[in-house]
Amino acid sequence: MQSGRVSFHTLGCKLNFSETSTLAREFERGGFVRVAPSAEADICVINSCSVTEHADKKCRNLIRRLHRRNPQAIIAVTGCYAQLRPQEIAAIEGVDIVLGNNDKCDLFKRVAELSGKGRARIYSCDTEQLTSFFAAFSSGDRTRAFLKVQDGCDYCCSYCTIHYARGASRNLPIAEPVADLVREARQIAAAGQKEIVLTGINTGDFGRTTGERFIDLLRALDAVEGIERYRISSIEPNLLTDEIIAFCASSPRFMHHFHIPLQSGSDRILHLMRRRYTAARFAERIAAVRRAMPDAFIGIDVIVGFPGETEEDFRTTYDFLEGLKPAFLHIFPFSERPGTPAVDMPGKVQPS
């Protein structure tokens, strides 16, 4: 395919933003002109999310809107929804390429191979093949750069499909001559960006494939010249160690900013969710952060309406959060995801 205009549309998490930006740089190196998502384009790339049914619906609606606006545009869909439901996406009118997460880095090549619009082609959506690591960081899209430090998840929470969409926990090494995270941070600094947000599917689980530790990564990045601020995008409470808390408290570069998923304040519901902590353990971690950093900004994720959740469970979570006094709450209604254990759990809660 000849070079032309390409637009990028990112749904979901900061990790997707880092990957979209990396894909965009590859298209630009290949002679394409990147245009705004609202502009007319010859190629439209959608990096999809599938954390909820609403995320799937947003992707489907976006595909249809782009196709109506420009029926001749090539539409390529990648990301988690593409990984989990490739046939469903391929059946939508206007889609030309569906590419799974494992070979997302091949997207430019797949688009270049096309001679024009036609029947949708599906590439590399086998969950068993999710083993590679697509190195990624954002550049120029926002004032902050998103640096992907980890991918995949081994936790298998009962409501979540992301371990199917992203595979097992894995990462690049901290420092190595060929491909490493410190080198990527230096590239970000060289481009003039001053803040880096560390992103991943289970960010604190960094080091699973290289035998390193998340705290080792933080220390190495702290020494990169030119970066003034770091933020940890999200970290599981059981992985937020005293060592990490003490380091962030003492470092002038790591912000006193923590996004920590709770999901429920009821231990009974946490057990059904297959989470790896109790409400008491979560509260203890929050207290540890505040002892070291009284000014800490703490954001918390919560899921309401999980199967089996009673009014008493809901009140327990409500009272627990009231006692924690977080700076920010990100609240999700439970979304039933096909293939997860939660689908078959009794006690469904009505959306209303």
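Note: the structure precedes this text.
The rules behind each value
Every chain's residues receive numbers from 1 upward, in the order its sequence appears when written. Per-residue local features are limited, in this predicted model, to residues with pLDDT of at least 70; the limit for side-chain atom pairs, both in listing and counting, is 80 or more; totals at the level of whole chains, interfaces and linings are taken over all residues. The side-chain figures draw on all heavy atoms in the structure; neither hydrogens nor water molecules are used. All axes here are fitted lines through C-alpha atoms, helices being fitted over the stretch that makes contact, and every angle between N-to-C directions spans 0 to 180 degrees. Numbering of helices and strands runs from the N terminus; a helix is a DSSP stretch of H or I covering at least four residues, while a strand is a stretch of E covering at least two. In this scheme, roughly parallel covers angles under 35 degrees and roughly antiparallel covers those over 145, while 65 to 115 is roughly perpendicular and the rest are oblique. The crossing is said to be left-handed when, going from far helix to near helix, the turn is anticlockwise and less than a right angle, and right-handed when the turn is clockwise. Throughout, a contact is declared for two residues whenever any of their heavy atoms are within 4.5 Å. Multiplying 1.5 Å by the residue count of a helix minus one yields the expected span of that helix. The buried label goes to any residue with under 20% of its type's maximum accessible area, the exposed label to any with over 50%, and the partly exposed label to all in between, with areas taken from a 1.4 Å probe on protein chains only. By convention in these notes, a salt bridge is any Lys or Arg side-chain nitrogen within 4 Å of a carboxyl oxygen on Asp or Glu. Grid points spaced at 1 Å and placed over the protein atoms alone form the basis of the search, with a cavity being a set where a 1.4 Å probe fits but cannot get out and a pocket an open set showing protein on both sides within 12 Å along at least five of seven lines. Lining residues have an atom within 4 Å of a point. Grid points are joined across faces, edges and corners, and a volume is the space filled by probe spheres set on the points.

(A) Highlighting the packing of helix 9 (residues 242-250) against helix 11 (residues 279-292). Two elements in contact, helix 9 and helix 11, have axes whose closest approach is 9 Å; the angle formed by their N-to-C orientations is 25°. As summarised for this structure, helix 9 and helix 11 are arranged roughly parallel, according to the angle between their axes. Here the hand of the crossing between helix 9 and helix 11 comes out right-handed. Side by side, helix 9 and helix 11 meet where D242, I245 and A249 of the first sit next to R285, A288, V289 and A292 of the second.

(B) Main features of helix 11. If you check helix 11, its first and last C-alpha atoms are 20 Å apart, about what 14 residues at 1.5 Å a residue would give, namely 20 Å. All buried positions along helix 11 are accounted for by A279, F282, R285, I286, A288 and V289. Those residues of helix 11 that are buried are in contact with helix 9, strand 10 (254-263), helix 10 (267-273), strand 11 (297-304) and helix 12 (311-324).

(C) Summary view of the environment of C153. Topologically, C153 is positioned in the loop between strand 7 (144-148) and helix 6 (162-166). Judged by its relative accessible area of 15%, C153 falls in the buried class. Along the primary structure C153 and G200 are separated by 47 residues, whereas in three dimensions their C-alpha atoms are 9.2 Å apart. Leaving out residues up to four positions away in the same chain, C153 has contacts with H163, G167, A168, S169, I201 and N202.

(D) Spotlight on the pattern of salt bridges. All told, the structure shown has 30 salt bridges when counted by the stated rule. Residue E19 pairs with R166 through a salt bridge whose shortest N-O separation is 2.9 Å. Of this pair, E19 sits in helix 1 (residues 14-29) while R166 sits in helix 6, and the two are 147 residues apart along the sequence. In terms of burial, E19 and R166 fall into one category: buried. A salt bridge links E195 to R144; the shortest N-O distance between them is 3.0 Å. With E195 in strand 8 (residues 195-199) and R144 in strand 7, the pair connects residues that are 51 residues apart, well separated along the chain.

(E) Molecular detail of empty space enclosed by the protein. Counted by the stated rule, this structure contains 1 cavity of 30 Å³ or more. One number sums up the size of the largest cavity: a volume of about 40 Å³. What lines the largest cavity is A39, E40, A41, C44, L66, R69, N70 and A73.

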